[in-house]
Amino acid sequence: MGKFLSVFPWALFCCCFCWSSQADIFTSIGQMTDLIYTEKELVQSLKEYIKAEESKLAAVKSWANKLDTLTRVSTSDPEGYVGHPVNAYKLMKRLNTEWSELESLVLQDPSDGFISNMSVHRQYFPDEEDEKGAAKALMRLQDTYKLDSESFSKGKLPGVHSNALLTVDDCYDMGKTAYNDADYYHAVLWMQQSLRQLDAGEEAVVSKAEVLDYLSYSVYQMGDLPRAIELTRRLVAIDPSHQRAGGNLRYFERLLSKQLMELNQVEQPASEEPIQLGTYARPKDHLPERETYEALCRGEGVKMTTARRSRLFCRYHDGNRNPRLLLKPMMEEDEWDSPHIVRYLSFLSDDEIEKIKELAKPRLARATVRDPKTGVLTTANYRVSKSAWLEGEDDPVIARVNQRIEDLIDLTVETAELLQVANYGVGGQYEPHYDFSRRPFDSILKADGNRLATFLNYMSDVEAGGATVFPDFGAAIWPRKGTAVFWYNLFKSGEGDYRTRHAACPVLVGSKWVSNKWIHERGQEFRRPCGLTEVD
């Protein structure tokens, strides 16, 4: 296969935060924005280097022009020239002193400052895992929102017009990332886009033969022998001496001939339709409700009927006449009837949001999940975000928000978990999951009981994507900055409400910030008494 392209790591890191190079930078848009300022700083350093080089070159040119004039005069009559005592002195001086100064000037290296600056920041550069993670995030967005590779390549995302374009080499590298993971479905889509742009005349470092090599084999892996043969023949025509193409072609042709003989069929020409999204079936994965979940993320399949909508209301809520809410009750909207999900408007002010983000940002770390087999916290591809935990003692704003939550929902937060702040990265998501624990031996159950309820604050608007969806009953709740949503994870009996399995859809465009408070069972005995049945 073709030699892997070395790409300058344009996403750099601002030295004001001490992250390690293995920091999963791609999992937080908030932290990635700091890289922009470091890149700007390095561009300025690069400009200063160029200016220094130009200044040095200008000085050398000035010397050359002056000496050129002198030597033309001196060589026209060497004896007469040095016969003049002033010329003789200046010749001695030039060769003894000035040429040495010129040598020193030429030996000066203006790149030292730039190289030093690069060395300082290099330890914070995104690594290969970040680049790979970002590439996989694009593929995840491609799948979830049914976007073809050309849409990404041309920056045509839903509701967004951008000049963020992908070159032939970008598409090739995307395809190679998928290929190296044996993800031939995405390898085909991206290698095909790379080939399409090459065929359109776009210049690139990668050759058409390299693209065809990967594409033909990936198509073969997808089970499309006629098209694999056609692409390999095209490769042989471009590069007859290719080390694998001839052997692959003969193997593909024998394999197709054998299949046709077994099926008693005649060979049909390969489809002339270009490869695009939908040409090949996307492989199934671990998630049974994948199609339902992704459809909801696109705003499809939401089961908001006219009858259900008629049962949804809005009201002012004072937390059962809580003194802190009597004069300024909170606006409450029903988002769903059963299970009951409500949204509180203007729950957080812009100033509070900025303070929470300011406190969380230096503490952000890759979000983890509990391994269902071992119970150990670990990172997972189905949860792409960074999170931080804030205590009431960290700042009066956190204490005030905690108190406001308690006042509003009339449940104690004394046994609740700390306020978790999360920022989603490139294609950031959290696939369908339960907030409550289904493992009776979890340590969190021993002291404070299970997660009774979830209080989720939206701290940013999201340009596209990023909804909270409930596949079981077909609800989609869209982020609105400053609002909060609340639901119970357990019935009054303490049994888990399995309908509350939910997901954070991948962020297509924008930066999604949320914070949440998980309310536990202990301390709620008289605030939310048991019901008469298991599912009350």
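Remember, predicted model here, so these are calculated numbers, not experimental data.

## Brief notes about the pairing of strand β4 (residues 330-336)
Side-chain positions along a regular strand alternate between the two faces of the sheet.
Turning to step 1, where the next piece is worked out: With five of seven residues buried, β4 is to be regarded as a mostly interior element.
Turning to step 2, where the next piece is worked out: Bridge count between strand β3 (residues 314-317) and β4: four bridges; the pairing is antiparallel. What sits directly across from H317, in β4, is M330.
Turning to step 3, where the next piece is worked out: Bridge count between β4 and strand β5 (residues 341-345): five bridges; the pairing is antiparallel. By the bridge assignment for β5, E333 is matched with R343.
Turning to step 4, where the next piece is worked out: Counting the residues in the hairpin turn of β4 and β5 gives four residues.

## Some details on the packing of aromatic side chains
Turning to step 1, where the next piece is worked out: Scanning the model with the defined rule gives 22 aromatic pairs in all.
Turning to step 2, where the next piece is worked out: Seen in terms of ring centroids, Y172 and Y214 are 5.7 Å apart; in terms of plane orientation they differ by 75°. Their pairing is edge-to-face. Residue Y172 is found in helix α7 (residues 168-180), and its partner Y214 is found in helix α9 (residues 208-221); the two are separated by 42 residues along the sequence. Across the pair, exposure class does not vary: Y172 and Y214 are buried alike.
Turning to step 3, where the next piece is worked out: Residues Y217 and Y220 carry aromatic rings whose centres are separated by 5.5 Å and whose planes lie at 50° to one another, so their mutual orientation is tilted.

## Notes on empty space enclosed by the protein
Turning to step 1, where the next piece is worked out: Counted according to the given criterion, the structure contains one cavity of 30 Å³ or more.
Turning to step 2, where the next piece is worked out: Volume-wise, the largest cavity comes out at about 210 Å³.
Turning to step 3, where the next piece is worked out: Taken together, the elements giving at least two residues each to the lining of the largest cavity come down to β10 (419-433), β11 (451-458), β16 (502-504) and β18 (513-520).
Turning to step 4, where the next piece is worked out: Broken down by element, the lining of the largest cavity gets its largest block of residues, five residues, from β10.
Turning to step 5, where the next piece is worked out: A breakdown of the residues in the lining of the largest cavity according to their chemical character gives nine nonpolar, six polar and three charged.

## Thoughts on the pattern of salt bridges
Two side chains of opposite charge can pair, provided their charged atoms sit close to one another.
Turning to step 1, where the next piece is worked out: Counted according to the given criterion, the structure contains 35 salt bridges.
Turning to step 2, where the next piece is worked out: Here D68 makes a salt bridge to R72, at a shortest N to O gap of 2.6 Å. With D68 and R72 both in helix α1 (residues 29-76) and four residues apart, this pair spans about one turn of that helix.
Turning to step 3, where the next piece is worked out: The salt bridge involving D181 is made with K132; its shortest N-O contact spans 3.4 Å. Of the two residues, D181 sits in the loop between α7 and α8 (184-199) while K132 sits in helix α5 (residues 128-144), which places them 49 residues apart along the sequence.
Turning to step 4, where the next piece is worked out: For D181, a relative accessible area of 33% puts it in the partly exposed group.
Turning to step 5, where the next piece is worked out: Given the relative accessible area of 27%, K132 is considered partly exposed.
Turning to step 6, where the next piece is worked out: Taken together, the shared-partner salt bridges connect D143, R282, D285, R290, E294 and E431 into one network.

## Concerning the packing of α1 against helix α4 (residues 111-122)
Turning to step 1, where the next piece is worked out: One way to put it is that α1 packs onto α4 with a least axis distance of 8 Å and a crossing angle of 165°. By the angle between their directions, the pair α1 and α4 is classed as roughly antiparallel. Once α1 is placed against α4, the crossing between them reads as left-handed. Where α1 abuts α4, its residues T38, E41, L42, S45, L46 and Y49 lie against S111, G113, F114, N117, M118 and H121.
Turning to step 2, where the next piece is worked out: Split into classes, the residues belonging to the contact of α1 with α4 amount to five nonpolar, six polar and one charged.

## Looking at α9
Turning to step 1, where the next piece is worked out: Taking 1.5 Å of rise per residue, the 14 residues of α9 would be expected to cover 20 Å, and the 20 Å separating its terminal C-alpha atoms lies within 8% of that figure.
Turning to step 2, where the next piece is worked out: Among the 14 residues in α9, 10 count as buried, and that is most of the element.
Turning to step 3, where the next piece is worked out: Residues of α9 that are buried: A209, V211, L212, D213, Y214, L215, S216, S218, V219 and Y220.
Turning to step 4, where the next piece is worked out: The secondary structure elements touched by the buried residues of α9 are α7, α8, α10 (225-238) and α11 (245-263).
Turning to step 5, where the next piece is worked out: Downstream of α9 by one or two residues, G223 has phi in the positive range, about 90°.

## Some remarks on the layout of surface pockets
Turning to step 1, where the next piece is worked out: Here the second largest pocket defines a volume of roughly 1300 Å³.
Turning to step 2, where the next piece is worked out: As for the second largest pocket, its lining consists of 40 residues, of which D143, H186, R282, D285 and R290 are closest to the centre.
Turning to step 3, where the next piece is worked out: Elements supplying a minimum of two residues to the lining of the second largest pocket: α5, α7, α8, α12 (290-297) and β10.
Turning to step 4, where the next piece is worked out: Its residues assigned to classes, the lining of the second largest pocket comprises 12 nonpolar, 10 polar and 18 charged.

## Quick word on the state of the cysteines
Covalent bonding between the sulfur atoms of two cysteines defines a disulfide.
Turning to step 1, where the next piece is worked out: Scanning the entire structure with this criterion turns up one disulfide.
Turning to step 2, where the next piece is worked out: Paired by a disulfide, C297 and C505 hold their sulfur atoms 2.0 Å apart. Torsion about the S-S bond of the C297 and C505 cystine: about -85°, corresponding to left-handed handedness. One end of the pair, C297, is in helix α12; the other, C505, is in the loop between β16 and β17 (507-509), and 208 residues separate them in sequence. There is no split in this pair, since C297 and C505 are both buried.

## Observations concerning the nonpolar core
Turning to step 1, where the next piece is worked out: In terms of nonpolar packing, the biggest core is built from 57 residues, with F152, W190, L215, V219 and V469 touching the most fellow members.
Turning to step 2, where the next piece is worked out: When residues of this core are traced back to their parent elements, those giving at least two are α5, α7, α8, α9, α10, α11, α12 and β17.
Turning to step 3, where the next piece is worked out: Per-element tally for this core: the top contributor is α8, with nine residues.
Turning to step 4, where the next piece is worked out: Setting aside residues no more than four positions away along its own chain, V469 makes contact with Y293, L296, C297, A475, A476, R501, H502, A503 and C505.
Turning to step 5, where the next piece is worked out: Membership of the second largest hydrophobic core comes to 35 residues, among which are L348, I353, V421 and F455.

The rules we used
- All residue numbers here refer to positions counted from 1 along the written sequence of the relevant chain.
- Only residues with pLDDT of at least 70 get local features here, since the model is predicted, and only at 80 or more are side-chain atom pairs given and counted; chain-wide, interface and lining totals rely on the full set of residues.
- The side-chain values count all of the structure's non-hydrogen atoms but skip hydrogen atoms and water molecules.
- Partly exposed residues are those whose accessible area sits between 20% and 50% of the maximum for their type, while under 20% is buried and over 50% is exposed, using a 1.4 Å probe and protein chains only.
- Each helix is a run of H or I in the DSSP string that is no shorter than four residues. Each strand is a run of E no shorter than two, and both are numbered from the N terminus.
- Here, a strand pair is defined by DSSP locating no fewer than two bridges between the strands.
- Any two rings among Phe, Tyr and Trp, with Trp reduced to its six-membered ring, count as a pair given centres within 6.5 Å; such a pair is stacked if its planes are under 30 degrees apart, edge-to-face if over 60, and tilted if neither.
- In this analysis a 1.4 Å probe is tested at points of a 1 Å grid over the protein atoms alone, and where it fits but cannot get out there is a cavity; an open set with protein on both sides within 12 Å along at least five of seven lines is a pocket; lining residues have an atom within 4 Å of a point.
- Grid points are joined across faces, edges and corners, and a volume is the space filled by probe spheres set on the points.
- Each residue is assigned to one class: nonpolar for Ala, Val, Leu, Ile, Met, Phe, Trp, Tyr, Cys and Pro, charged for Asp, Glu, Lys and Arg, and polar for all the others, Gly among them.
- Whenever a carboxyl oxygen of Asp or Glu lies within 4 Å of a side-chain nitrogen of Lys or Arg, that contact is scored as a salt bridge.
- To get an axis, fit a line to the C-alpha atoms, keeping to the stretch in contact for a helix; angles then go from 0 to 180 degrees between the N-to-C directions.
- Oblique is the label for any angle not covered by the other classes, which are roughly parallel (under 35 degrees), roughly antiparallel (over 145) and roughly perpendicular (65 to 115).
- Put simply, a crossing is left-handed when the front helix is turned counterclockwise from the back one by less than a right angle, and right-handed when it is turned clockwise.
- Note on contacts: a residue pair qualifies if any of its non-hydrogen atoms lie within 4.5 Å across the two residues.
- One less than the residue count of a helix, multiplied by 1.5 Å, gives the span that helix is expected to have.
- The term disulfide is used for any two cysteine sulfur atoms that are within 2.5 Å.
- Within this scheme, the nonpolar core is defined by two criteria: the residues are buried Ala, Val, Leu, Ile, Met, Phe, Trp, Tyr or Cys, and they are joined through side-chain atoms within 4.5 Å.

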